[in-house]
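Below are the chains, spelled out letter by letter.
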Amino acid sequence: MRIAVLSDIHGNLPAFEAALDHARQHKPDLMVIAGDIIIGSPDSAACWQLARSLGCPILRGNHERYAAHFGTPAAHPDWTTERFTPLQWAVNQLTAGDRRQMEQLPRHLRLPEAPDLLIVHASLRDDHDTIAPYTSDAQLEEMFPGVQERFIVRGHNHYGQLRLWKDGWIVTASSVGLPLDSSPTAQYLLLDQTKTGWRIMHQSVPYDLDAVIRRFYDTGYLEATGTMGRLFFREVTTASHHLVPFLRLYARWQKEGDITLRQAEERFFNHYGSTL
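A brief look at the structure comes next. Please read these numbers as outputs of a predicted model, since none were measured by experiment.

Thoughts on the overall build of the protein
Working step 1: Each helix and strand in the protein was counted, giving 10 helices and 9 strands.
Working step 2: Against the 2.2 N^0.38 benchmark of 19 Å for 276 residues, the protein shows a C-alpha radius of gyration of 19 Å, consistent with a compact globule.
Working step 3: By principal-axis analysis of the C-alpha atoms, the protein measures approximately 60 × 40 × 40 Å.
Working step 4: Buried residues in the protein amount to 55% of all 276 residues.
Working step 5: The positive charge centre, built from 27 side chains, and the negative charge centre, built from 32, are 2 Å apart in the protein.

Some details on the sheet that holds strand 3 (residues 108-111)
Working step 1: An order of 3-4-5-7-6 is seen for the 5 strands of this open sheet, with the pairing classed as mixed. Two strands close off the open sheet at either side, each with one partner strand: strand 3 and strand 6 (161-165). On average, each strand axis in the sheet is inclined to that of its neighbour by 20 degrees, with strand direction left out of account.

Describing the side chain of histidine 69
Working step 1: Turning to its location among the elements, histidine 69 is positioned in helix 3 (residues 62-69).
Working step 2: The buried category is assigned to histidine 69, whose relative accessible area is 16%.
Working step 3: Setting aside anything within four residues of it in sequence, one finds histidine 69 in contact with Arg60, Ala74, Ala75, Trp79 and Glu103.

Quick look at the environment of leucine 140
Working step 1: Inspection of the secondary structure assignment puts leucine 140 in helix 6 (residues 137-143).
Working step 2: Sequence spacing of leucine 140 and tryptophan 165 is 25 residues, and the spatial spacing of their C-alpha atoms is 8.4 Å.

Some words on the state of the cysteines
Two cysteines, two sulfur atoms, one covalent bond between them: this is a disulfide.
Working step 1: In total, this model carries 0 disulfides according to the counting rule given.
Working step 2: Free of any disulfide, cysteine 47 has its nearest neighbouring cysteine sulfur in cysteine 56, separated by 13 Å.
Working step 3: The buried category is assigned to cysteine 47, whose relative accessible area is 0%.

Some remarks on helix 9 (residues 243-256)
Working step 1: Here helix 9 is 14 residues long and its end C-alpha atoms lie 20 Å apart, about the 20 Å a rise of 1.5 Å per residue gives.
Working step 2: Among the residues of helix 9, Leu243, Phe246, Leu249, Tyr250 and Trp253 are the ones counted as buried. Projection of helix 9 onto a plane perpendicular to its axis shows the buried side chains occupying an angular sector of 135 degrees, all on one side. Exposed side chains of helix 9 directed beyond 90 degrees from the buried face belong to Arg248 and Lys255.

As for the environment of leucine 59
Working step 1: Along the chain, the position of leucine 59 falls in the loop between helix 2 (44-53) and helix 3.
Working step 2: Sequence separation of leucine 59 and isoleucine 33 is 26 residues, and the distance between their C-alpha atoms is 6.2 Å.
Working step 3: Setting aside anything within four residues of it in sequence, one finds leucine 59 in contact with Ile33, Ala34, Gly35, Glu64, Leu105, Pro106, Arg107, His108, Leu109, Ile119, Val120 and His121.

Cut-offs applied
- Residues numbered from 1 in each chain as written.
- Predicted model: local features only at pLDDT ≥ 70, side-chain atom pairs only at ≥ 80, totals over all residues.
- Heavy atoms only, no water.
- Helix = DSSP H or I, 4+ residues; strand = E, 2+ residues; numbered from the N terminus.
- Rg over C-alpha atoms; globule rule 2.2 N^0.38 Å.
- Buried < 20%, exposed > 50% of the residue type's maximum accessible area, 1.4 Å probe, protein only.
- Lys, Arg positive; Asp, Glu negative; His and termini not counted.
- Charge placed at Lys NZ, Arg CZ, Asp CG, Glu CD.
- Pairing = 2+ DSSP bridges.
- Axes fitted to C-alpha atoms, helices over the stretch in contact; angles between N-to-C directions.
- Contact = heavy atoms within 4.5 Å.
- Disulfide = S-S within 2.5 Å.
- Expected span 1.5 Å × (residues − 1).
- Arc of directions from axis to C-beta.

What follows is the structure, encoded as structure tokens:
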């Protein structure tokens with residue numbers, strides 16, 4: 001059995017199309033979308049519709065949860081603020097039916113024909129868990145309570161990773177539309193079933209980066225989403241971290257005195273010797 005796992009598309013339609021074309025050439029028996037189809041690049045609705053058209057299993061990532069819960073009692077109060085303009089952009093693209101479908105997506109996937117394989121977005125416990133090389137075994141036990149499968153496949157981290165755990169592996173697929181390993185390619189995972197487990201093959205596919213750059217400008221996304229949209233733009237074009245480092249520094253600067261998001265953006269990029 002061959003499985004293609006595509007995760008963390010984040011509204012990047014050219015990257016999604018390139019990864020799909022490449023995966024189809026390998027003739028997988030099953031394709032799985034492991035969450036976070038939306039939010040980041042401008043084309044969340046188009047990516048969602050393309051994913052739905054595949055007729056394959058789709059897991060709910062944290063970004064589908066954000067969209068599904070936006071405007072409901074489950075929403076975080078910050079989601080209507082300037083810090084979450086990319087979420088607001090995506091919600092405005094999606095229909096109420098789209099968001100209901102996202103709410104109903106499963107959180108994990110187990111296959112009868114692959115009893116040694118578990119697929120999740122981030123962890124079995126939570127859709128926002130990060131696994132780093134230094135994540136302890138005790139922390140992993142909390143993320144995957146009672147799991148018996150030898151192979152756990154996940155996304156969320158945006159860079160490929162293999163972690164030996166117990167007598168098996170935790171395999172992190174990279175991101176289709178927003179990789180953070182300094183390689184701006186469309187990245188996904190192929191799994192080949194063997195007699196002793198799964199052969200793990202991380203894939204990196206060149207795609208038309210200029211096409212998604214044009215989408216950031218032509219759609220009005222950058223003007224509408226401001227600082228946070230510009231940070232996503234930098235992550236897509238450089239395949240490197242900007243959002244999380246910025247938000248950590250912004251939180252620290254807020255404790256030191258009043259500072260707007262735009263002022264924090266200017267300080268952040270001056271700190272790194274870069275301007276937009």
